[in-house]
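Remarks on the overall topology
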Amino acid sequence: MTAGTTRSDEPRLPVVARSREQLREARAALDDGDVAVVMTMGALHEGHATLIRTARRTHAHVVVTIFLNPLQFGPKEDLSRYPRTFDADLRICTEAGVDVVFAPTPDVIYPDGDPGVRIAAGPLGDVLEGQARPGHFDGMLTVVAKLMHLTRCTSAYYGQKDAQQLLLIRRMCRDLDFPVRVIAAPTVREPDGLAMSSRNTYLTPSDREVARCLSAALRAGAAAATEGPSAIRRAARAVVVREPLALIDYLVLVHPETLEDVPEWYRGEALLAVAGRVGATRLIDNLPVLVGPGGGALEVFSPDASAVSGPLTIKV
Ligand code: AMP
């Protein structure tokens, strides 16, 4: 069956574009100026599906990109073993009502090889994930810029799960005047709190048990939010130190715009972020928190993925 020929009670198959020409054609058919894009690396899960459904509810058209971007993987990272599940991804996109799936290979995106000109993430790209993964954010922003141009999207949806990525994309659009509305959606979690991630498939059953301490630490930190920054950090650390098999890279409470540690007198929104290695897998997670009187988690830490609150709109 081809796009548009399904029976009316079945969801329409998205148009699958592999080349720039196919994307151009598929994009031209979306005559409306209201096109949202959800950029992914494939191996789609409920976190991606929620992001797509959120976009679908608000926009006339949704384009999903599936692209494993070599530019954002370091030489020792997991590019070659990253899960590839295209057929299942297409089913999720079909059920979520996606119009176009753009799934190019690297030679389509980088026809002249590695680009000499790239987007520089700047100082915000050097800390936290950037410290652990040098060059990662330059590579990520470069492909995001290209995909924004190629899809000619008016809005783009990203998960709070990758908070530093989201911040940098927001900054890129603002600093470089991209005419794209950047919209964030809350992190979708497994029933035990673990943030959904394509990389969770690497975890062995015992790794999976250990991995729970990351989200548990965030939850414990948020529960101490009324007492101030050091109480939040102490509560979160108390959880991860009980799990020596989680090799914590960082566990920080930072300002959501500058990513700098917030001082003890700080009151307001902050980001409690954690990264660590469990077995052979590097995992990240974060929780926006309100520090001070009436404080606590700013994202519903619900085990039920469908119960997460609506998208947080970020002004660009
Ligand atoms: P990825 O395929 O991992 O590059 O993710 C594609 C998009 O989905 C990014 O905007 C991610 O932040 C978002 N995403 C990944 N996991 C989750 C999750 N558990 N909840 C919400 N969004 C997510």
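Here's what I pulled together on the structure shown here. Bear in mind the structure is a predicted one, so any value in this text is a computation, not a measurement. Along each chain, residues carry numbers from 1 onward, in the same order as the chain's sequence is written. Per-residue local features of the predicted model are confined to residues with pLDDT of at least 70, and side-chain atom pairs are confined, for both listing and counting, to 80 or more; whole-chain, interface and lining totals are unaffected and use all residues. No hydrogens and no water enter the side-chain calculation; it runs on all heavy atoms of the structure.

1. A word on the environment of Leu 124
As a reminder of what qualifies: By the criteria applied, helices consist of DSSP H or I runs no shorter than four residues and strands consist of E runs no shorter than two, each listed in order from the N terminus. In this description, contact between two residues means that some pair of their heavy atoms is separated by no more than 4.5 Å.
Relative to the elements of secondary structure, Leu 124 occurs in the loop between helix H4 (106–109) and helix H5 (129–132). Considering only alpha carbons, one finds Leu 124 and Gly 268, 144 residues apart in sequence, at a separation of 20 Å. Residues in contact with Leu 124, not counting those within four places in the same chain, are Gln 164, Leu 167, Leu 168, Arg 171, Glu 257, Thr 258 and Leu 259.

2. Quick word on the nonpolar core
For clarity, the cut-off: Each nonpolar core is a collection of buried residues, namely Ala, Val, Leu, Ile, Met, Phe, Trp, Tyr and Cys, held together in the definition by side-chain atoms within 4.5 Å. Exposure classes here rest on a 1.4 Å probe applied to the protein chains alone. A residue is buried below 20% of its type maximum, exposed above 50%, and partly exposed in between.
Membership of the largest hydrophobic core comes to 48 residues, with the highest contact counts inside it found for Leu 141, Val 144, Met 148, Tyr 158, Ile 169 and Met 172. No other element matches the eight residues that helix H6 (residues 136–151) contributes to this core. Those residues in contact with Met 148 that sit more than four places away from it in its chain are Met 39, Cys 153, Ala 156, Tyr 158, Ile 169, Met 172, Cys 173, Phe 178 and Val 180. Membership of the second largest hydrophobic core comes to 28 residues, among which are Leu 214, Leu 253, Leu 272 and Val 274.

3. Concerning the packing of aromatic side chains
Note the threshold: Pairing of aromatic rings covers Phe, Tyr and Trp, the last through its six-membered ring, and needs centres within 6.5 Å; plane angles under 30 degrees mean stacked, over 60 mean edge-to-face, and all others mean tilted.
Using the criterion set out here, one finds two aromatic pairs in the structure. Ring geometry for Phe 67 against Tyr 110: centres 6.3 Å apart, planes inclined by 50°, an arrangement best described as tilted. Of this pair, Phe 67 sits in the loop between strand S3 (61–66) and helix H3 (86–95) while Tyr 110 sits in the loop between H4 and H5; the two residues are 43 residues apart in sequence, bridging distant segments of the chain. The exposure classification of Phe 67 matches that of Tyr 110, with both residues buried.

4. Things to note about the state of the cysteines
Filter applied, for reference: Any two cysteine sulfur atoms lying within 2.5 Å of each other are counted as a disulfide.
Overall, the coordinates contain zero disulfides when judged by the stated rule. Cys 93 carries a free sulfur, and the closest cysteine sulfur to it, the one in Cys 153, is 16 Å from it. Taking relative accessible area as the criterion, Cys 93 reaches 0% and is therefore assigned buried. With no disulfide of its own, Cys 173 has Cys 153 as its nearest cysteine by sulfur position, at a separation of 7.9 Å. When its relative accessible area of 3% is taken as the criterion, Cys 173 is described as buried.

5. Some words on the site of the ligand
Our working rule: Here a residue is near a molecule or strand as soon as one of its heavy atoms is found within 4 Å of it. Two N or O atoms form a polar contact when they lie within 3.5 Å of each other; inside protein one atom must be a possible hydrogen donor and the other a possible acceptor, and for residues adjacent in sequence the pair counts only when both atoms belong to side chains. When residues are sorted by character, Ala, Val, Leu, Ile, Met, Phe, Trp, Tyr, Cys and Pro go into the nonpolar class, Asp, Glu, Lys and Arg into the charged class, and all the rest, Gly among them, into the polar class.
Taken together, 16 residues form the shell around the ligand, and within it Met 41, His 48, Asp 162, Val 188 and Met 196 come nearest. A distance of 2.6 Å is found between an oxygen atom of the ligand and a side-chain nitrogen or oxygen belonging to Asp 162. Taking Val 188, its main chain carries an N or O atom lying 2.8 Å from a nitrogen atom of the ligand. The set of elements that each furnish at least two residues to the shell around the ligand consists of strand S2 (35–40), helix H2 (46–58) and strand S5 (155–159). By residue class, the composition of the shell around the ligand is seven nonpolar, seven polar and two charged.

6. A word on helix H7 (residues 163–175)
Threshold: Here, expected helix span is obtained from the residue count minus one, scaled by 1.5 Å.
Counted at 1.5 Å a residue, the expected span for H7 with its 13 residues is 18 Å, and the 18 Å between its end C-alpha atoms agrees. Buried residues dominate H7, accounting for 10 of its 13 residues. Taken as a whole, H7 has its buried residues at Ala 163, Gln 164, Gln 165, Leu 166, Leu 167, Leu 168, Ile 169, Arg 170, Met 172 and Cys 173. Just downstream of H7 lies Asp 177, where phi reads positive at about 55°.

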